[in-house]
Amino acid sequence: MRPNSRLERLIDDLKHEFQSMLDQEEIFWYKKARSDWVRFGDRNTRYYHLSTMIRRRRNKMEALLNDEGVLISNPEELKELVVRALIMKLGWDLIDNHSALWVRFLRAKYKAGSDVIPTMRRFSNESMVWRSICNSWEFVLKGTCWRLGDGASILFWTDYWLKSGLILNDVISNPLPVDRLYDSVKDVSLEDGSWDMARFSPWLLGTALAEVSAHLVGVPVLGPDKPIWKFTHDETEKHLLLECSVVSNFWELFGERPVHALDASLSVVDWMFKNLKIHGVLFNGIPWSLLFGIACWAIWRARNAHIFRNHDSDQQRVFHFCVVSAKEFLNVHAAHAPVVRAFLHKEDKWIQWIPPDWGWIKWNLDGSVFQHSGDAASGAILRDSNGNWLGGVVRHIGTTSIIMAELWAFKDAISLSIHRGDDFIYFESESTAAVNFIKMGVHQNHPCYAMVSSIRHDLRRFQHFHIIHTYREGNFAADFLVRIGHSYQIGSHVVSEPPPSLSNILFGDSFGVCFVRRVVA
């Protein structure tokens, strides 16, 4: 039988097609495996199958935490949880992404309104997307809180706007009148930006009242209120340093060290200071105080790597890093100790309250926070170039941080000077952080952004002013006044006359009494 040329061409074509399919399959798995072994001549498709399956197994979510912190591993419950999370993301976009075409379309089609928080209505002919968002809307609202701006969009009693996550309507001490339930934050504030305490203090007690009063209210410079997505769980310092998976059994690797467990009577800060102040205890020739400090830093690094990069560090590796870093520090310090000592050379310096130039006035400012209760106060004293008392202001703030207390002193002093019509002013504080924040500003995501922006905006009202730093020895008068502020009622109080107990300090300042302080030369 003679050869059939057509069949031969068909056989050749099929061979080429089959080889092409094999090549395509190999390229497919090569890309899936993200491997560069092909360029070294390895064309083992089984390897690519295996590496891809391993990666998929590694990336597979075996379990998730639900809203109550319970670990869910059931496949059907996991599916429901993931789908709900994706739908909630769409719901959040309805709030946060107004400019998106699909958001504008859905808001218009279902008459959701133009408010920041849309009005969710159900329709008989609604789409599957809208139905799903409506079904998950309760969870979207639970995850939404507010960054306070002018206060016009936030409902004071029923919205999430406090850092603690409190809904004020849930903690009222007696029934609230119906007409007050829909008060906005702006409705319960005064034109000068302070709180109208009479509109809510009869219904709030204790920590709720203290937290509300510590907020700066109605800041027009920040623009309208902004909804933000709050964290589901805030990690505590105790969990970070003692309880999370990164540090479970970690401290036992150091053997019998002085303080490992967190005593019930100690705060985390006290526990850390207790370890950092221990002297004479060594581990492999390393002072325990040094090793403990590096260990806390290493735990923080490992925890960040776990959360943000999904990178898990085993405890032995973290432990080894601590020991090596501590030894390296000791070696460098031993080699360069004379240079370090020369660079950090300290000398005695006479510190005193320095009166302002003639024709100028000076505010001395201070803030105070009781460590265990968190109760905060601020105070400011105004004097002329002869040291004469011109006025003062104290504020019992409530519950806040020390830097916010220092900034409240600036805020109240500036507001009082604006009211007095002052110019040619020094604002003097012992808080280096507060001074730098006001001079340079902070990022909009910083917790102090609202306060710092308001202060910087108010300072534009003055033609001549200086923000300066002093040491505590030059700020004793403000320090004394702020301690009195803790005994005042919540709110701001103008002090027209100096308290009698402050007279000796004012007298000493006006006569130039000095105090010795060791400072870096």
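Anyway, here's the lowdown on the structure attached to this text. Being a predicted model, the structure only gives us computed values, none of them experimental.

1. Comments concerning the overall build of the chain
1) Next: Assigned secondary structure in the chain consists of 16 helices and 14 strands.
2) Next: In the chain, which comprises 521 residues, the share counted as buried stands at 38%.
3) Next: The long-range fraction of contacts in the chain, counting pairs at least 24 apart against all pairs at least 6 apart in sequence, stands at 64%.
4) Next: Carbon and sulfur atoms make up 56% of the accessible area of the chain, which amounts to about 31400 Å² in all.

2. Description of the sheet that holds strand 10 (residues 389-399)
1) Next: Read across the open sheet, the 6 strands follow the order 12-11-8-9-10-13; overall the sheet is mixed. Strands with a single pairing partner mark the edges of an open sheet, and in this sheet they are strand 12 (465-469) and strand 13 (491-495). When strand polarity is set aside, the average angle formed by the axes of neighbouring strands in this sheet is 15 degrees.
2) Next: Bridge analysis of strand 8 (residues 361-369) against strand 11 (residues 425-429) gives 5 bridges, and the strand direction is parallel. Among the inter-strand pairings, Leu365 is bridged to a residue of strand 11, identified as Ser429.

3. Comments concerning the pairing of strand 10
1) Next: The buried count for strand 10 comes to 9 of 11 residues, which makes it a mostly enclosed element.
2) Next: Alignment of strand 9 (residues 375-383) against strand 10, held across 9 bridges, turns out to be antiparallel. Its bridge partner lying in strand 10, Arg383 is registered against Trp389.
3) Next: Hairpin connection between strand 9 and strand 10: a loop of 5 residues separates the two successive antiparallel strands, and Gly387 in this loop has a positive phi of roughly 85 degrees.

4. Quick word on a negative patch on the surface
1) Next: Residues Glu8, Asp12, Asp13 and Glu17 make up a contiguous surface patch of negative charge.
2) Next: One can find Asp13 in helix 1 (residues 5-33).
3) Next: A residue is classified by how much of its surface remains accessible, and Asp13, at 48% relative accessible area, is partly exposed.

5. Here's the deal with the environment of Gly165
1) Next: With respect to the element layout, Gly165 can be found in the loop between strand 3 (144-147) and helix 7 (206-213).
2) Next: For Gly165, a relative accessible area of 29% translates into the label partly exposed.
3) Next: Between the C-alpha atoms of Gly165 and Cys145, which are 20 residues apart in sequence, the distance is 8.1 Å.

6. Topic: the packing of helix 3 (residues 75-96) against helix 5 (residues 128-135)
1) Next: One way to put it is that helix 3 packs onto helix 5 with a least axis distance of 9 Å and a crossing angle of 90 degrees. Judged by the inter-axis angle, helix 3 sits roughly perpendicular to helix 5. Contacts between helix 3 and helix 5 involve Ile87, Leu90, Gly91 and Leu94 on the former and, on the latter, Val129, Trp130, Ser132 and Ile133.
2) Next: Here the residues of the contact of helix 3 with helix 5 are counted per class, giving 6 nonpolar, 2 polar and no charged.

7. A look at the side chain of Asp479
1) Next: Here Asp479 lies in helix 15 (residues 476-485).
2) Next: Dropping the residues within four chain positions of it, Asp479 is found in contact with Asp366 and Arg472.

8. A closer look at helix 7
1) Next: Burial of helix 7 is extensive: 6 of the 8 residues sit out of reach of the surface.
2) Next: Within helix 7, burial applies to Ala208, Leu209, Ala210, Glu211, Val212 and Ser213.
3) Next: Turning to helix 7, the residues buried within the fold contact strand 10 and helix 12 (402-420).

9. As for helix 15
1) Next: Every buried residue belonging to helix 15 is among Ala477, Ala478, Asp479, Leu481, Val482 and Gly485, and all of these are buried.
2) Next: Contacts from the buried residues of helix 15 go to strand 8, strand 9, strand 10 and helix 16 (503-510).

10. Side note on the side chain of Ser289
1) Next: Counting through the fold element by element, Ser289 comes out in helix 10 (residues 288-308).
2) Next: Residue classification places Ser289 among the buried residues on the basis of a relative accessible area of 18%.
3) Next: In contact with Ser289, other than residues within four places in its own chain, are Asn275, Leu276 and Ile278.

11. Some remarks on the packing of aromatic side chains
1) Next: With the rule as written, the count across this model stands at 17 aromatic pairs.
2) Next: Residues Phe507 and Phe511 carry aromatic rings whose centres are separated by 4.6 Å and whose planes lie at 40 degrees to one another, so their mutual orientation is tilted. Like Phe511, Phe507 is exposed.
3) Next: Over the ring of Trp353 we find Arg383, and its NZ or CZ is 4.0 Å from the ring centre.

12. Re the nonpolar core
1) Next: Among the nonpolar cores identified, the biggest contains 35 residues, and Trp363, Leu365, Leu407, Phe410, Phe427, Ile455 and Leu459 are the most heavily contacted of them.
2) Next: Contributing elements (two or more residues each) for this core: strand 8, strand 9, strand 10, helix 12, strand 11, helix 13 (432-440) and helix 14 (449-459).
3) Next: If one sorts the elements of this core by residue count, helix 12 sits on top with 10 residues.
4) Next: Beyond its immediate stretch of four places on either side in the chain, Phe410 contacts Leu365, Phe427, Ser429, Ala434, Val435, Ile438, Ile455 and Ile467.

13. Comments concerning the pattern of salt bridges
1) Next: Applying the stated criterion across every chain yields a total of 14 salt bridges.
2) Next: The partner of Asp422 in a salt bridge is Arg420, and the shortest N-O contact between them spans 2.8 Å.
3) Next: For Arg420, a relative accessible area of 40% puts it in the partly exposed group.
4) Next: Between Glu473 and Arg517 there is a salt bridge, with its nearest N and O atoms 3.0 Å apart. Placement of Glu473 in the loop between strand 12 and helix 15 and of Arg517 in strand 14 (residues 515-520) is noted, with a sequence separation of 44 residues between them.

14. So, the pairing of strand 9
1) Next: Across the 9 residues of strand 9, 9 count as buried, placing the element largely inside the fold.
2) Next: The alternating pattern of strand 9 places Asp375, Ala377, Gly379, Ile381 and Arg383 and Ala376, Ser378, Ala380 and Leu382 on opposite faces, both of which are buried.
3) Next: Joining the antiparallel neighbours strand 8 and strand 9 is a turn of 5 residues, in which Gly374 adopts a positive phi near 80 degrees.

Here is what the cut-offs are and how they apply
- Residues numbered from 1 in each chain as written.
- Predicted model: local features only at pLDDT ≥ 70, side-chain atom pairs only at ≥ 80, totals over all residues.
- Heavy atoms only, no water.
- Helix = DSSP H or I, 4+ residues; strand = E, 2+ residues; numbered from the N terminus.
- Buried < 20%, exposed > 50% of the residue type's maximum accessible area, 1.4 Å probe, protein only.
- Contact = heavy atoms within 4.5 Å.
- Areas by Shrake-Rupley, 256 points an atom, 1.4 Å probe, with all protein chains shown as cover.
- Pairing = 2+ DSSP bridges.
- Axes fitted to C-alpha atoms, helices over the stretch in contact; angles between N-to-C directions.
- Patch = residues over 30% accessible without salt bridge, like charges linked within 9 Å, V, L, I, M, F, W, Y side chains within 5 Å.
- Salt bridge = Lys/Arg side-chain N within 4 Å of Asp/Glu carboxyl O.
- Lys, Arg positive; Asp, Glu negative; His and termini not counted.
- Charge placed at Lys NZ, Arg CZ, Asp CG, Glu CD.
- Parallel < 35°, antiparallel > 145°, perpendicular 65-115°, else oblique.
- Nonpolar A, V, L, I, M, F, W, Y, C, P; charged D, E, K, R; others polar.
- Phe/Tyr/Trp six-rings, centres within 6.5 Å; stacked < 30°, edge-to-face > 60°.
- Lys NZ or Arg CZ within 6 Å of the ring centre and 35° of its normal.
- Core = buried A, V, L, I, M, F, W, Y, C linked by side-chain atoms within 4.5 Å.

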